[in-house]
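Working through the structure, step by step
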Amino acid sequence: MIGLLAVLLLLVPYIVWHLVKLQVIDAEKYQQMAAEQQTRDLLISPSRGTIYDRNNVVLAVSVTVDTIAVAPNEVKEGTEQAIAAGLSEILDLDYDTVLAKVMKKNTMYQLILRRAEPELADQVRQFVKDTGYNSIKFYEDTKRYYPYANLFSSILGFTSYDNEGEYGLELKYDEVLSGVAGRIVTAKDNGGNSLSFYFEQRLEAQDGYSLRLTTDVGIQQMLEKHLEVAMEENGCAGVVGIVMDVNTGAVLGMAQKGDYDLNDPREIADAELAAQVEALTGDAYNEAYLSALYSQWRNNAIQEPYEPGSVFKIITAAIALEEGTETLDSAFYCPGYSEVDGTHISCWKTAGHSYQTFRKALENSCNCAFIDIALGIGHETYYSYFEGFGFTDRTGIDMMGEASPVGGVHYHTYDVFSDVYRGGRISLSTYGFGQTFKVTPIQLITAVSAVVNGGYLMEPYVVDALVDANGNVVEQYEPKVVRQVISESTSRTMCSLIESVVSTGTGGNAYVAGYRVGGKTGTSEKRDKSIAEGKDFYIASFLGVAPCDDPEVAVLVLLDEPTGELHQGGQIAAPVVGKIMADILPYMGVEAEYTDEELGNMSLAVPLTVGGEVEWAKSVVKDAGLAVKVVGEGTEVTAQYPVSGSKIASNSTVILYCGEEPNKTPVQIPNLSGMTYKEAAEYLNMIGLYLDASGALGSANSSTFTVRSQSPSPEEGTVTFGSVITVDFYASENTGE
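Our subject in this report is the structure included herewith. (Residues numbered from 1 in each chain as written. Predicted model: local features only at pLDDT ≥ 70, side-chain atom pairs only at ≥ 80, totals over all residues. Heavy atoms only, no water.)

1. A short note on the pattern of salt bridges
- On inspection of all chains with the given rule, the structure shows 32 salt bridges.
- A salt bridge links lysine 137 to glutamate 74; its shortest N-O distance comes to 2.9 Å. With a gap of 63 residues between them, lysine 137 in strand E5 (residues 136–145) and glutamate 74 in the loop between strand E3 (58–70) and helix H3 (80–91) connect regions that are remote in the sequence.
- Exposure remark for lysine 137: the relative accessible area of 22% places this residue in the partly exposed category. (Salt bridge = Lys/Arg side-chain N within 4 Å of Asp/Glu carboxyl O. Helix = DSSP H or I, 4+ residues; strand = E, 2+ residues; numbered from the N terminus. Buried < 20%, exposed > 50% of the residue type's maximum accessible area, 1.4 Å probe, protein only.)

2. Considering empty space enclosed by the protein
- For the coordinates displayed, the defined rule picks out one cavity of 30 Å³ or more.
- The space that makes up the largest cavity amounts to roughly 30 Å³.
- Considering the residues around the largest cavity, the lining is formed by Asn701, Thr704, Phe705, Ala731, Ser732 and Glu733.
- Looking at the lining of the largest cavity residue by residue, the classes come out as two nonpolar, three polar and one charged. (1 Å grid on protein atoms, 1.4 Å probe; cavity = no way out; pocket = protein on both sides within 12 Å on 5 of 7 lines; lining within 4 Å. Points joined across faces, edges and corners; volume = space filled by probe spheres on them. Nonpolar A, V, L, I, M, F, W, Y, C, P; charged D, E, K, R; others polar.)

3. Section: helix H24 (residues 614–623)
- Regarding H24, the residues found buried are Val614, Ala617 and Val621. Looking straight down H24, one finds that the buried residues subtend no more than 60° of arc, so they occupy a single side. Facing away from the buried side of H24 by over 90 degrees, the exposed positions are Glu615, Lys622 and Asp623.
- Among the structural elements, strand E23 (627–631) and strand E26 (653–657) are those in contact with the buried residues of H24.
- One or two steps after H24, the chain reaches glycine 625, where phi turns positive at roughly 90°. (Arc of directions from axis to C-beta. Contact = heavy atoms within 4.5 Å.)

4. Quick notes on the packing of aromatic side chains
- Scanning the model with the defined rule gives 26 aromatic pairs in all.
- Look at phenylalanine 127 and tyrosine 133: their rings are 5.8 Å apart centre to centre, the planes differ by 65°, and that puts the pair in the edge-to-face class. Each of the two residues, phenylalanine 127 as well as tyrosine 133, counts as buried.
- Members of the aromatic cluster, connected to one another through ring pairs, are Phe312, Tyr382, Tyr383, Phe386, Phe391, Tyr411, Tyr414, Phe417, Tyr431 and Phe437.
- Positioned over the ring face of tyrosine 161 is arginine 266, at 4.6 Å from the centre of the ring.
- The ring of phenylalanine 537 carries the charged tip of lysine 529 above its face, separated from the ring centre by 4.7 Å. (Phe/Tyr/Trp six-rings, centres within 6.5 Å; stacked < 30°, edge-to-face > 60°. Lys NZ or Arg CZ within 6 Å of the ring centre and 35° of its normal.)

5. Considering unusual backbone geometry
- Residue glycine 258 is bonded to the preceding lysine 257 through a cis peptide linkage, with omega at 0°.
- By the secondary structure assignment, glycine 258 is in the loop between strand E10 (251–257) and helix H10 (271–278).
- Residue tyrosine 641 is joined to proline 642 through a cis peptide bond whose omega torsion reads -10°.
- At aspartate 92, a position not held by glycine, the phi torsion is positive, near 55°.
- Along the polypeptide, aspartate 92 turns up in the loop between H3 and helix H4 (95–102).
- Classification of aspartate 92 as exposed rests on a relative accessible area of 70%.

Have a look at this one:
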């Protein structure tokens, strides 16, 4: 009895201790283990928000796909190899890898393929149907899809394999777009099978909000089309373009070439570069591959500082007029160079511009005049405006990775800028015409927009609103004024000045008939690279604004390292901006107002007359603004030259053939290079061909414009009598800087 009591005295505390440990100390642990044994917990993926343009055109969307998995604990003995063989064959996977997953019998879930394309998932479903292998599971998932592939690649970015934002707006707004995952908790039996009839708790996923952008698919397509052509024609290392609403700071378009396919962002888009990388191995391959990817993902419009060149003369001119240090009547003399504290600084026109007014100095893009203008403003005042226009700060654009300006790296700190003994006057002089410091393209177009919109520096933005799945606006983003930098009167004067740069000055190649386009040329040397490699590298740029009587839009284009015969902004960047403006202004609903001279240079559409009576056909042609000539005695038009839909010069004559066989004589295509509009029109008329003129015709000095390109080219041989030659005219003189 005593022995039994002793045993009980020892055993009872032990039992009590273990009961306390099980029910109190480790209670949470065993409850968790029981829950895991008795329930199955599955996540429900939320649908990632869609990204739309300003007109609700879909730019990025999550589409439903299947993730394919296996529940090894449900696999029947003897079927493992068959399951692995079927899946590996259909999905093009390694058999041994799949088999190893199928054999993990103590698990309920083994991933086979994430986000399978619909056709593959359907093949696996058929395999399951044919074999009865129900241990193969399908889980609904989503995959990001970009309908326009390369379009907006520098803005949108992309998602990771886990459907999380990895770059661009997809990363910036990842939390907003992602939503909140849901859960399904169900009871399960001792075999791990779901018993949803016994117990199931479901918490629905909350889908992510969608983004509506300020950008416009139409404008973006026009921008990218012209950038791509410019890159090819000028042999550039890259090109960048931004289109901005000057009054709000809204980005209407932003692009660069080369770019990449958003649906396959990890493939090197440049075929030549991809081949070079593939030839490498080991660490060299990894390093080159990552470098190539980061380079193509980089958004140079907000991340790549550069010397703005003479476009910056817009800023210098605005400061001088606002401060009253210069007037429109101020006079300057340019001998082709300036001497500042013993330093020789050349004007782009080494022969000099001689005497000129303030307006003419801007039209001529005269470095010497703008050295004098900057020195007249003074260090303190100039630097305060440099800060005021936002060049010492990020713009605050709602995108990832905007470069942060660094004093002493991208621009001079004030103590250096203002110190005569450290070259302060030389720095002030070169700032006056846009050299020896760097800005980003987004900084520059934002600042120039302030110059023309009444003086208000706006914070640029690309996201207009957050919207829910039903299209309801959850949050609307409004334009934000950072500060007023110059007065509205100075702004109006600057609009007039930059318009004259295009109509009579170095920016003539950006002229667009019917629209009051203003702007400024820019040519800057990439000094770091030029010094390092011992040869010159340039960035040719042009910043245009329209319409100058009531500015709405600004367009900035940069051509990086052109390798053709021409490299100045007025020569190769201005025509690109002109063509972009010619496309987007009508698209935006800005009405053209043509002068008589512009109407005289316009190409008109040829109407369809074939099959109509002669008198009716003649009246239709005359109503279209064209002359008419009838060949033959028939009463009905049987053929016409040129064919309907063609565009020809307004003073051209349409030939109507009435029963007479049309002239089909082959005509040698002439080389029109170097001819003026008048010369080209007269020559083509003489040999029986028609002129369709394009380019910057209509400006005050367009009588000197000459043929830059033509289609078809002389190398193509002959065309039939009555064919149309499309000719592009441009200014070949006074296009410096």
